[in-house]
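One letter stands for each residue in the lines below.
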Amino acid sequence: MARKVAEVTAPEGGGGGDGLGPRWQLWRRRRFVLASLAFWGLVSMYSTRINFSVAIVAMTSGSGACHRAALPANASAAANASANASAHAGECSERGEFDWDSRTQGLLLSGFFYGYLASQMPAGWLVARAGAAALLGAGIAGSALLTLLGPVAARVGGAPLLLATRIISGLLQGVVFPCLNAIWARWAPPLERSRLATTVASGCNVGTVIVLPLSGLLAAHVGWPSIFYVFGAGGVLWWALWWAQTADSPERDRRVSEKERRFIEEALGVDTATAKVSFHPWRSFFTSPAYLGKLVAHFCANWGFYTLVTQMPMYLKDTLGFDLRAAGFVSALPYVVMALLLQVAGHTADWLERRQLLNTTHVRKLFLCGAFVLQAGCLLLSTALLDPTAVVACLTLGVALEAFAYAVICVNTLDMAPLHASVLAGVSSTIANTSGILSPQLTGFIVRNKSAAEWRIVFYVTSGLYLLGATAFGIFGSAERQPWAEDGLIPAGDPPAPAPAPADADAKKPSRRDAGHDNAAADVAV
């Protein structure tokens, strides 16, 4: 397929370059309406994911005085929160409705995460059949409905039925990020790609910061079932808006203006905006240095992030005697700062490209490699500091700088191969999220006596992985369209290419063979 890439330059004047008025009038642009809805979708997704770490404390230890949960980034972090709460169960004056031991609680908390890992790779394949917008909405809405059923499942079927709802909820939410990549492949002009993606991604951090204190208040004043009902209902209401307002592409959106549709198609190139995917070149994916560099960087980013956000409260307590309750509060700071820095990173990346100060590859390498090196420095510096305030500031900055790395990770598959991005993102996210299982296990293996020397080893390992990720992406990373990016694509409106026929068969059965040509490409597996 001939490649058609539009020449995109910086818009002149104060307009947005799309003929729709000043750039700040976001409501006139359907792509930004879509981004706003996706942002709130991620807020809802994380609220139904993380609220369980607070609910299970109230379910097993009573409400109110027994509420204590750290800020989890994933199921492993939530398990740490539960363990922290259980360790202080003697302080509680009430007994919970369910008498689940710590092993059962850990299983319930980790069930979501295993389901989440299992569905991300198939999600890229499902996108081509179900549609990205519909599949994303179904994933979040289905998880919200299961959240609404949580109290009933716990009371009727006990831990086994509740565990089933958590695993299925993880399976449903696993499709979300591959779907987002497929949506931005059709909707995001290259010079707005970082801003749109980071705006949406910050919903994860905002959802985390909102849901934990609100869940604590609900548990204390209304009862633990309200945690499930409030956030589950919120997800269903969000889905109603998403279903009514979104489409997979500008071509299918009834509300998009002709100016905006034409602007997006010209920015992406007509082929990218309208082509269909018939198959994915798997061998090319795993022999591409650019993609392999991205895989390494994504794994290292997640390892560092999970290590910091899940272990920081315990590190502060073990090495500096910092009160665990205060440490739990401090754990919220990285999420707040990271949400703000994601906006800075996305806008800055697009500005550098729009002004042609750096090309896209240089921007991606500067942001990711620079963030990793600085994060490694923050970790190493924190091991030499003795003042708790300085250590907290250093570690908070280390976590928050991840925003610049994720501004690259969120969009790099779109740079390389837009119409294969959903599959590429699913594979990358699956591999990267295994760090959420491995990192806490390695930390537990190293930190046995809770000494400062043991914690230094944990931070040395994490710093080394950050430097490994920076090196791999610095050498192999790229934002250039890859040679295999258009393998398996069929331009919209074009007939499928006929399969080549043997030369000696031409003289024997021309009419029968010719009749089969039109269906040759239909048998290609996605």
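Just so you know, these numbers come straight off a predicted model, no measurement behind them.

Novice: So what's going on with the environment of serine 143? Which residues, and what values?
Specialist: Along the chain, serine 143 turns up in helix H4 (residues 132-148). Once the C-alpha coordinates of serine 143 and methionine 45 are considered, the two residues, 98 residues apart in sequence, prove to be 7.8 Å apart. Not counting residues up to four positions away in its chain, the partners in contact with serine 143 are Thr48, Ser169, Leu172 and Gln173.

Novice: I'd like a description of the confidence of the model for the protein, backed by residues and values.
Specialist: Low pLDDT means the predicted coordinates in that region are not meant to be read closely. Looking at the protein as a whole, the pLDDT averages 80, with 80% of positions reaching at least 70. With pLDDT under 50 throughout, residues 1-15 is counted as low confidence; its partners more than four residues away or in other chains account for 31 contacts. This stretch, residues 496-526, has a pLDDT under 50; its non-local contacts, to residues over four places away or in other chains, come to 22 contacts.

Novice: Give me the lowdown on the pattern of salt bridges, citing residues and values where you can.
Specialist: Following the criterion strictly, the structure yields 12 salt bridges and no others. We note a salt bridge from glutamate 258 to arginine 262, for which the minimum N-O separation is 3.3 Å. Here the residue glutamate 258 and the residue arginine 262 both occupy positions in helix H9 (residues 258-268), the gap between them amounting to 4 residues, near one helical turn. Its relative accessible area of 42% is what places glutamate 258 among the partly exposed residues. Judged by relative accessible area, arginine 262 falls into the partly exposed class, the value being 37%. Between arginine 481 and glutamate 486 there is a salt bridge, and its shortest N-O distance comes to 4.0 Å. Here arginine 481 falls in the buried class, since its relative accessible area comes to 18%.

Novice: Which residues make up the environment of leucine 214, and what are the values?
Specialist: Within the secondary structure, leucine 214 is located in helix H7 (residues 193-221). Assessed through its relative accessible area of 35%, leucine 214 is described here as partly exposed. Here the alpha-carbon distance between leucine 214 and isoleucine 227, two residues 13 residues apart in the chain, equals 8.5 Å.

Novice: Requested: an account of the nonpolar core, with residues and values cited.
Specialist: One finds Met59, Leu136, Trp184 and Trp242 to be the most contacted residues of the largest nonpolar core, which totals 62 residues. Those elements that place two or more of their residues in this core are helix H1 (30-61), helix H3 (102-130), H4, helix H5 (150-173), helix H6 (176-187), H7, helix H8 (225-245) and H9. At 16 residues, the largest contribution of residues to this core is made by H1. With sequence-adjacent residues up to four places away left out, methionine 59 is seen in contact with Phe52, Gly96, Glu97, Phe98, Trp100, Ala154, Leu162, Trp224 and Phe228.

Novice: Which residues make up the side chain of threonine 383, and what values go with them?
Specialist: Mapped onto the secondary structure, threonine 383 falls in helix H15 (residues 360-384). Look past the residues within four positions of threonine 383 in its chain and what remains in contact with it is Tyr315, Arg456, Phe459 and Tyr460.

Novice: Run through H6, naming residues and quoting values.
Specialist: In this model, H6 (12 residues) spans 16 Å end to end at C-alpha, consistent with the 16 Å of a helix rising 1.5 Å per residue. Within H6, 11 of the 12 residues are buried, leaving the element largely enclosed by the surrounding structure. For H6, the full list of buried residues reads Val176, Pro178, Cys179, Leu180, Asn181, Ala182, Ile183, Trp184, Ala185, Arg186 and Trp187.

Calculation notes
- Residues numbered from 1 in each chain as written.
- Predicted model: local features only at pLDDT ≥ 70, side-chain atom pairs only at ≥ 80, totals over all residues.
- Heavy atoms only, no water.
- Helix = DSSP H or I, 4+ residues; strand = E, 2+ residues; numbered from the N terminus.
- Contact = heavy atoms within 4.5 Å.
- pLDDT = per-residue confidence, 0-100.
- Salt bridge = Lys/Arg side-chain N within 4 Å of Asp/Glu carboxyl O.
- Buried < 20%, exposed > 50% of the residue type's maximum accessible area, 1.4 Å probe, protein only.
- Core = buried A, V, L, I, M, F, W, Y, C linked by side-chain atoms within 4.5 Å.
- Expected span 1.5 Å × (residues − 1).

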